[in-house]
Amino acid sequence: MKLKLNFEELEDQWKNRQIDLFPWLQGLYALLRSREANIRETGKRLSSSSPATMVQFLSSFDPENIKLAEQIIKEQDPAIILPPLLYSLEKIEKSGYSDQVIKSLLNFKPAFSFGYLLGYLNERKLSDLEKIFCSNQQEYFDFNAGQKHKSKIFHLINTIFTHINQFFPSLEEQEGFLDQIFQALSIDLKERMPLYGTVATRKDFISVRVDLEVILNIFKVSMYEENGKIVEEKIQRLGREIIISLHKLPFDSEKGNILFKHLIETIHYMAILRLKADKPFLQSLSKKIDSFDLHEVQRNEIIQSSGVAINIIDRPEDTITKILDELEVPFFT
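All values derive from a computational prediction rather than experimental measurement.

Engineer: What's the story with the pattern of salt bridges in this structure? I'm lost.
Structural biologist: Oppositely charged side chains can pair when the atoms bearing their charge come close. Tallied over the entire structure, the rule returns 15 salt bridges. Linking K229 and E233 is a salt bridge whose minimum nitrogen-to-oxygen distance equals 2.7 Å. Residue K229 and its partner E233 are located together in helix 13 (residues 228-243), separated by four residues, close to a single helical turn. Between D318 and K322 there is a salt bridge, with the nearest N and O atoms lying 3.5 Å from each other. Several salt bridges converge on common partners, so that one network encompasses R315, D318, K322 and E326.

Engineer: Just checking my understanding: could you explain the environment of G119 for this structure?
Structural biologist: By the secondary structure assignment, G119 is in helix 8 (residues 110-135). Leave out the neighbours within four places in its chain, and G119 touches M1, L3, D188 and R192.

Engineer: Is there a simple way to think about the packing of helix 15 (residues 279-288) against helix 16 (residues 296-314) in this case?
Structural biologist: Helices that pack against each other are described as a pair by the angle of their axes relative to one another and the distance between those axes. Interhelical geometry of helix 15 versus helix 16 gives an angle of 155 degrees and a closest axis separation of 9 Å. It follows from the interaxial angle that helix 15 and helix 16 lie roughly antiparallel. As for how helix 15 packs across helix 16, the hand of that crossing is left-handed. Within the contact between the two elements, helix 15 uses K279, L282, Q283, L285 and S286 and helix 16 uses I302, I303, S306, A309, I310, I313 and D314.

Engineer: Looking at this model, I keep getting lost on empty space enclosed by the protein. Mind explaining?
Structural biologist: Taken as a whole and judged by the stated rule, the model has four cavities of 30 Å³ or more. Reported here for the second largest cavity is a volume of approximately 50 Å³. Lining the second largest cavity, in full, are L105, L106, P110, S113, F114, L117, I160, F177 and I181. Counting residues per element, the ones that place at least two in the lining of the second largest cavity are helix 7 (97-106), helix 8 and helix 11 (171-192). Sorting elements by how many residues they give to the lining of the second largest cavity places helix 8 first, with four residues. Tallied by class, residues from the lining of the second largest cavity come to eight nonpolar, one polar and no charged.

Engineer: Looking at this structure, how should I read the packing of aromatic side chains?
Structural biologist: The geometry of an aromatic ring pair is captured by the separation of the ring centres together with the interplanar angle, meaning the angle of the planes. In the structure shown here, the tally under the stated rule is six aromatic pairs. Geometrically, the ring pair formed by F112 and Y116 is tilted, given 5.2 Å between the ring centres and 40 degrees between the ring planes. Placement of both F112 and Y116 in helix 8 is noted, with a separation of four residues, approximately one turn of the helix. Between F331 and F332, the ring centres sit 4.6 Å apart and the planes meet at 75 degrees, which makes this aromatic pair edge-to-face. Each member of the pair, F331 as well as F332, carries the same accessibility label: buried. Each residue in the set F161, F168 and F177 is aromatic and connected to the rest through ring pairs, giving one cluster. The ring of F61 is capped by K94, whose NZ or CZ atom sits 4.6 Å from the centre of that ring. Across the ring face of F7, the terminal group of R124 is positioned such that the distance to the ring centre comes to 4.0 Å.

Engineer: I tried to follow the confidence of the model for the chain on my own but got confused; where do I start?
Structural biologist: As a general rule, the predicted coordinates of low-pLDDT regions are not to be interpreted in detail. Per-residue confidence for the chain averages 86 on the pLDDT scale, and 87% of its residues sit at or above 70. Highest mean pLDDT in the chain belongs to helix 6 (residues 78-91) (95); lowest belongs to helix 2 (residues 28-32) (51). Overall, residues 137-143 carries pLDDT values under 50, and its contacts beyond four positions in sequence, including any with other chains, amount to 15 contacts.

Engineer: Would you explain the packing of helix 14 (residues 256-273) against helix 15 in this entry?
Structural biologist: In the contact formed by helix 14 and helix 15, the axes pass within 11 Å of each other and the chain directions differ by 150 degrees. In terms of orientation, helix 14 and helix 15 fall into the roughly antiparallel class. Along this stretch, helix 14 crosses helix 15, giving a crossing that reads as left-handed. On helix 15, the residues that touch L263, I267 and M270 of helix 14 are F281, L282 and L285. The residue makeup of the contact of helix 14 with helix 15, split by class, is six nonpolar, no polar and no charged.

Each value, and the rule that gives it
- Residues numbered from 1 in each chain as written.
- Predicted model: local features only at pLDDT ≥ 70, side-chain atom pairs only at ≥ 80, totals over all residues.
- Heavy atoms only, no water.
- Salt bridge = Lys/Arg side-chain N within 4 Å of Asp/Glu carboxyl O.
- Helix = DSSP H or I, 4+ residues; strand = E, 2+ residues; numbered from the N terminus.
- Contact = heavy atoms within 4.5 Å.
- Axes fitted to C-alpha atoms, helices over the stretch in contact; angles between N-to-C directions.
- Parallel < 35°, antiparallel > 145°, perpendicular 65-115°, else oblique.
- Left-handed = near helix turned anticlockwise from the far one by under 90°.
- 1 Å grid on protein atoms, 1.4 Å probe; cavity = no way out; pocket = protein on both sides within 12 Å on 5 of 7 lines; lining within 4 Å.
- Points joined across faces, edges and corners; volume = space filled by probe spheres on them.
- Nonpolar A, V, L, I, M, F, W, Y, C, P; charged D, E, K, R; others polar.
- Phe/Tyr/Trp six-rings, centres within 6.5 Å; stacked < 30°, edge-to-face > 60°.
- Buried < 20%, exposed > 50% of the residue type's maximum accessible area, 1.4 Å probe, protein only.
- Lys NZ or Arg CZ within 6 Å of the ring centre and 35° of its normal.
- pLDDT = per-residue confidence, 0-100.

Take a look at the structure:
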């Protein structure tokens, strides 16, 4: 979902949240009221407060305040409450806080909340890239831009899919949830893909890279779980219907370690999406990399990884986990 987020405004909202709503900051009046009266008064004031203030209450040490915040957040317009909710992950260090964010995210329609999560990640990445570009410290194209902001959200995604049985006890419920998640991924990818359907330039790759990272992350967390086969099938469908190809990227313009990381990562995407159009490129890699400035260990890893990816593409009827178990070689490391 393409968003128009202003992170300076989000920061201003966060700085101006009304933390004086907490009962222990209300002085003598709070002491004179009963606990139940305090909760009622806090709820009344919180309901008319700013979105950032509502979100702040999820970090309370009082379980009643957390429940209050969860209910109030659930009643808000998700388009208004979700940006500060996701932004709060960058601000609140309290242990277990991401679990509270997950609960609030799952209170909304998963396709919508996950679409916002994808949009937030992409907007944060573009914001960081813009800062790098304006500072003239390095090239505009930076694969690692936004890593510090992504880590907490990727941790949140990992938590959801690692504990999916707790959120959705039955396989039927899990499949319904996955349908919505991959619906959000599909919509987001279609918005970011070039019109001609092939990722052929660095700009194309930047536009879809976060979504590819999320897809790979979901796959890694789910690959040995009960719903792993369902996840694989949905990823493969995304590859057939949207991505088409990744092999036209200009790999020959970078050298050494940057090229190695770039290639290995992209080979992983080619494998999990099972992109048949990329097979000739993978087959040519052993000769193609002769002109690249790589160490022998890196060269061997690329050759091995491309061979594994070809094997996965050639066996669409088998799960990737089955193929990797048979080959007994490290791949997603």
